[in-house]
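What the coordinates show
One-letter residues, chain by chain:
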Amino acid sequence: MAYKTVNPYTNELVKAYPDATAAEIETAIATGDQLYHQWRDEPVASRAATLHKIAALLRENKDELARIATVDMGKLYTESQGEVELCAIIADYYADHGAELLQPTPISSRNTGDAEILHQATGVLMMVEPWNFPYYQIMRVLAPNFMVGNPMILKHASNTPGSAAAFEKAVQDAGAPAGSLTNLFASYDQVSQIIADPRVQGVALTGSKRGGQSVAEVAGKNLKKNSMELGGSDAFVVLSDADLDKAVDLAWRVRIYNAGQVCTSDKRFIVADNLYDEFLKKLKASFEKLVPGDPMDPKTTIAPMNSQRAKEKLQGQIDKAVAGGAKVYYGNQPIDLPGQFIQPTILTDIVPDNPEFYDEMFGPVAQVFKVSSDEEAIQLANNSELGLGGIVVSNDAQHGRTVAEKIETGMVFVNSFLVSLPELPFGGVKGSGYGREMSQLGLTAFTNE
Ligand code: NAP
């Protein structure tokens, strides 16, 4: 049984789940394929009411769903509640706008008669999702494709099976037809087999470079459309005219949210030299105030990491960075609690030949860099193999925007927390992957145009 909930705060095995069988896989594909053909004969708008119902049920069961996610992967209970609400917002958005956004697009042509682009469903999709936002990651794919009429099979992370089962149940309880979303506790080989099946038309993966490369290889071999939402080591650029207190207030929240395990959580803080020393002092003061503890307890402000494996990986990266010349400005001390905690840590003096310079540190570790001009900040921000998000802080929004536009990344915000909303496209460039989820782009990611 590869799928298990091990509470990362208590380290207790909560529940193990049986592996998917060959019969379950066949049923999931066959039911999805049947539904695809049924949906082709139904208007897009007819699915909106069910999607609204899914949103309503998520809201109604928010506390219980939040508890399940927190027990699965350790995030603060309040953050889990926020995640459930965000899922409901996404579902409502596509229910309200999906049909309109999928209207045929007229083409004006002088050389032919009336022409238009239709945005039609293509068939069953496979989605492979990570543990860090165990509901939101599913909803990013489910809501648009439910409206389009592409039934979905879910392979969730092996450490968040409770959330996967709870989400599938919410979809079923809302009255969605069988096959709309089928959760399978599938192995990697079974995922490959599903992708290869001629009834399956695409795969959306969110996860690591390693996972993305493997799944994209299988998709490529079978000529299946795919989208890859991978990691990030995004820049948080503090320009010389920034309000320091505002910058630090954004910085610590960005880095600590979800125990730092967010693809778009900025990991590299690139600070103008006139603000650098004070920035470090204030960031340290913010980190010092954080209280580790039970993620269900409202007094806790820093959650454990999602698993022992994740904690060990991050600790190994910190050790490697330090052995390579990085300095620990704050943190990197053990936390005397049984859970998988990493103390929020600030590293400085990381140079490009440090073995960790290009790696994503997926946890509460801030790397802080000093620069002496906007050009140097942009160059350092772009000296990355990844490009997912980013934040620029400046007292002059236009100045911030000018710098932001020069950063090679998917999504960049000026003077704002990086927010994820259904109307905004989500995705990256370079090693952060390709394709976009959410917005109209996410709606047509797997359509026949
Ligand atoms: P991961 O190991 O790639 O796992 C993600 C999902 O892929 C899991 O369901 C995993 O299953 C599955 N998987 C991995 N290899 C596979 C294979 N060969 N065949 C089929 N399925 C496979 O990712 P992670 O390290 O847990 O997640 C964190 C990473 O995700 C970070 O790099 C983070 O930045 C990135 N992320 C990106 C976004 C985005 O939107 N761009 C959002 C969140 C996270 P198992 O659990 O069974 O291994």
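A brief look at the structure comes next.

Things to note about the environment of Lys62
- Mapped onto the secondary structure, Lys62 falls in helix H3 (residues 62-73).
- Lys62 gets classed as partly exposed once you look at its relative accessible area, which sits at 24%.

Regarding the packing of helix H2 (residues 48-60) against helix H5 (residues 136-148)
- Contact geometry of H2 with H5 gives a least axis separation of 9 Å together with a crossing angle of 155 degrees. Comparing their axes, H5 and H2 come out roughly antiparallel. In this structure, H2 crosses over H5, and the sense of that crossing is right-handed. Across the interface between the two elements, Ala48, Thr50, Leu51, Ile54 and Leu58 of H2 pack against Met139, Leu142, Ala143, Phe146 and Met147 of H5.
- For the contact of H2 with H5, a count of residues per class yields 9 nonpolar, 1 polar and no charged.

Digging into the environment of Gly400
- Relative to the helices and strands, Gly400 is located in helix H13 (residues 397-404).
- Classification of Gly400 by relative accessible area gives buried; the value is 0%.
- In this structure, the C-alpha to C-alpha distance between Gly400 and Gln367, residues 33 residues apart in sequence, is 21 Å.
- What Gly400 contacts, discounting residues up to four positions off in sequence, is Leu239, Val392, Ser394 and Val414.

Details of the side chain of Asp33
- Take Asp33: it is sitting in helix H1 (residues 22-40).
- Comment: no salt bridge for buried Asp33; closest opposite-charge side chain is Arg199, at 5.2 Å.
- When neighbours within four sequence positions are excluded, Asp33 is seen to be in contact with Val124 and Arg199.

Considering a nonpolar patch on the surface
- On the surface, a nonpolar cluster with roughly 180 Å² of combined accessible area is contributed by Val419, Leu421 and Leu424.
- Structurally, Leu421 is set in the loop between strand E17 (413-414) and strand E18 (429-430).
- On the accessibility criterion, Leu421 (30% relative accessible area) is partly exposed.

Overview of the side chain of Glu168
- Looking at where Glu168 falls in the secondary structure, it is placed in helix H6 (residues 161-173).
- For Glu168, which is buried and forms no salt bridge, the nearest opposite charge comes from Lys169, at a distance of 10 Å.
- With near-sequence residues (within four places) excluded, Glu168 lies in contact with Leu181, Thr182 and Asn183.

Observations regarding unusual backbone geometry
- Even without being a glycine, Leu223 presents a positive backbone phi close to 55 degrees.
- Note that Leu223 resides in the loop between helix H8 (209-221) and strand E9 (225-229).

Overview of the pairing of strand E6 (residues 152-155)
- Of the two faces of E6, the one carrying Met152 and Leu154 and the one carrying Ile153 and Lys155 are both buried.
- Handedness of the crossover joining strand E5 (residues 124-128) and E6 through H5: right-handed.
- The pairing of E6 with strand E7 (residues 181-183) spans 3 bridges and is parallel. Within the sheet, the bridge partner assigned to Ile153 lies in E7 and is Thr182.
- Note that the unit made of E6, H6 and E7 has a crossover that is right-handed.

Details of the sheet that holds E5
- Read across the open sheet, the 6 strands follow the order E7-E6-E5-E8-E9-E19; overall the sheet is mixed. The strands lining the two open edges of the sheet, one partner per strand, are E7 and strand E19 (433-434).
- As paired strands, E5 and strand E8 (residues 200-206) are joined by 5 bridges and run parallel to one another. Across the sheet, Met127 pairs through a bridge with Ala204, a residue of E8.
- The sheet strands contacting H1 are E5, E6, E7 and E8, and the helix crosses E5 at an angle near 130 degrees.
- Strand contacts of helix H7 (residues 188-196): E5, E6 and E8, with the helix running at about 155 degrees to E5, the strand carrying the most contacts.

Here's the deal with the site of the ligand
- Taken together, 28 residues lie near the ligand, and Trp131, Tyr188, Ser208, Leu230 and Glu360 sit nearest.
- Contact between the ligand and Trp131: an oxygen atom at 2.6 Å from a side-chain N or O atom of the residue.
- Within the backbone of Glu229, one N or O atom sits 3.4 Å away from a nitrogen atom of the ligand.
- In isolation the ligand offers 900 Å² of accessible surface; the protein chains occlude 91% of this area.

Describing helix H10 (residues 276-288)
- Over its 13 residues, H10 extends 18 Å from the first C-alpha to the last, a length consistent with the 18 Å expected when each residue adds 1.5 Å.
- Restricting attention to buried positions, one finds in H10 the residues Tyr276, Phe279, Leu280, Leu283, Ser286 and Phe287. Here the buried residues of H10 occupy an arc of 130 degrees about the axis, which is enough to place them on one side.

Overview of the packing of aromatic side chains
- As enumerated under the stated definition, the model contains 14 aromatic pairs in all.
- Their ring planes at 75 degrees and their centres at 5.6 Å tell us that Phe133 and Tyr136 sit as a pair that is edge-to-face. This pair shows no difference in class: Phe133 is buried, exactly as Tyr136 is.
- Taking the centre distance of 6.1 Å and the plane angle of 85 degrees together, the rings of Phe357 and Phe369 count as edge-to-face. Here the residue Phe357 occupies a position in the loop between strand E13 (345-348) and strand E14 (365-371), and Phe369 occupies one in strand E14, the gap between them amounting to 12 residues.
- Among the aromatic side chains, those forming a connected cluster through ring pairs are Phe133, Tyr136, Tyr257 and Phe417.
- Above the face of the Trp39 ring, Arg47 is positioned so that its terminal group lies 5.0 Å from the ring centre.
- Sitting over the face of the ring of Phe426, Arg140 holds its NZ or CZ atom 4.0 Å from the ring centroid.

Calculation criteria
Residues numbered from 1 in each chain as written. Predicted model: local features only at pLDDT ≥ 70, side-chain atom pairs only at ≥ 80, totals over all residues. Heavy atoms only, no water. Helix = DSSP H or I, 4+ residues; strand = E, 2+ residues; numbered from the N terminus. Buried < 20%, exposed > 50% of the residue type's maximum accessible area, 1.4 Å probe, protein only. Axes fitted to C-alpha atoms, helices over the stretch in contact; angles between N-to-C directions. Parallel < 35°, antiparallel > 145°, perpendicular 65-115°, else oblique. Left-handed = near helix turned anticlockwise from the far one by under 90°. Contact = heavy atoms within 4.5 Å. Nonpolar A, V, L, I, M, F, W, Y, C, P; charged D, E, K, R; others polar. Lys, Arg positive; Asp, Glu negative; His and termini not counted. Salt bridge = Lys/Arg side-chain N within 4 Å of Asp/Glu carboxyl O. Patch = residues over 30% accessible without salt bridge, like charges linked within 9 Å, V, L, I, M, F, W, Y side chains within 5 Å. Areas by Shrake-Rupley, 256 points an atom, 1.4 Å probe, with all protein chains shown as cover. Right-handed = clockwise from strand over helix to strand, strands pointing away. Pairing = 2+ DSSP bridges. Near = heavy atom within 4 Å. Polar contact = N/O pair within 3.5 Å; in protein donor to acceptor, adjacent residues only side chain to side chain. Expected span 1.5 Å × (residues − 1). Arc of directions from axis to C-beta. Phe/Tyr/Trp six-rings, centres within 6.5 Å; stacked < 30°, edge-to-face > 60°. Lys NZ or Arg CZ within 6 Å of the ring centre and 35° of its normal.

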